[in-house]
Amino acid sequence: MEDTVGDVSTDELAFDPDRDRGVLTPSDREFLLGRKTDYTDHSKKQKRNRIRRRVRNAILDFTILFDHLDDRDRETVFDPDDAERDAYTRGITDMLAFLHLGTMGYSTPFKDMLARGVSKGEQELAGSDYRMVNVEFNVDPVGRIDVDEVVEKLDAGRFDEITNEELRAFVRLLAESEDFSSAPIRQEMKGQMDLFAERAAEAAARRDQRVEELTD
């Protein structure tokens, strides 16, 4: 990464007052974070107007960035130092969340723009507009699950029957349980991971061998 931001921990990186200007100026950040409060009602309105204009122009700038920024420059942007990687991952996640919220009620649904964007990226990689992909994006809320049923599947080893909805809800419930303690579970799972990885590698090798036998 060419531009570093001093010796700031991952959790503090986005909120570092000395960080270089991005879409927001350092003054914008201080304003939005409530660190600077000596604004009149009129100056607050002007500040928010300027921030909105910069965000809109930043969105338009991505057309230029996609079409004209060198591959090496793009790759460097998305190759942060290991110590800063979590902060950038959170930034990308929050950027997508911001777009998802901001485009609700927009003339083109977010999922359509997301599909178009992924398709454009794939075509750029392939160097051809004949590269066509199917991009699926659905927002399915997680509702009530039958805890007893999930536990029965776990006890019986019927892991393939557990749905993503059940899995997410069950893990959330487990983490929020007063009896849950992550420390012993972490150690136990780390101890089991080597065996799990070994069995997964053996399964992959058997699968490849079987495919080779079927295609001979």
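Before reading further, recall that the structure is shown in the block above.
Computed from a predicted structure; not experimentally measured.

Chemist: Any chance you could break down the packing of aromatic side chains for me, citing the residues and the numbers?
Modeler: What describes a pair of aromatic rings is the distance from one ring centre to the other and the angle between the planes of the rings. Summed over the entire model, instances satisfying the criterion amount to two aromatic pairs. Note on F31 and Y39: the rings are 5.0 Å apart at their centroids and 75° apart in plane angle, and the pair reads as edge-to-face. Of the two residues examined, F31 and Y39, each falls in the buried class. Aromatic pair F110 and F137: ring centres 5.6 Å apart, planes at 70°, arrangement edge-to-face. Of this pair, F110 sits in helix 5 (residues 110-126) while F137 sits in the loop between helix 5 and helix 6 (147-155); the two residues are 27 residues apart in sequence, bridging distant segments of the chain. Owing to a relative accessible area of 14%, F110 belongs among the buried residues under this scheme.

Chemist: How would you explain helix 8 (residues 182-215) if you had to name every residue and give the values?
Modeler: Over its 34 residues, helix 8 extends 46 Å from the first C-alpha to the last, a length consistent with the 50 Å expected when each residue adds 1.5 Å. Its maximal kink placed at M193, helix 8 deviates by approximately 35°.

Chemist: Outline the side chain of K47, supporting the account with residue identities and numerical values.
Modeler: Inspection of the secondary structure puts K47 in helix 2 (residues 41-68). Judged by relative accessible area, K47 falls into the buried class, the value being 5%.

Rules used throughout
Residues numbered from 1 in each chain as written. Predicted model: local features only at pLDDT ≥ 70, side-chain atom pairs only at ≥ 80, totals over all residues. Heavy atoms only, no water. Phe/Tyr/Trp six-rings, centres within 6.5 Å; stacked < 30°, edge-to-face > 60°. Buried < 20%, exposed > 50% of the residue type's maximum accessible area, 1.4 Å probe, protein only. Helix = DSSP H or I, 4+ residues; strand = E, 2+ residues; numbered from the N terminus. Expected span 1.5 Å × (residues − 1). Bend = angle between axes of the 7 residues up to and from the residue.

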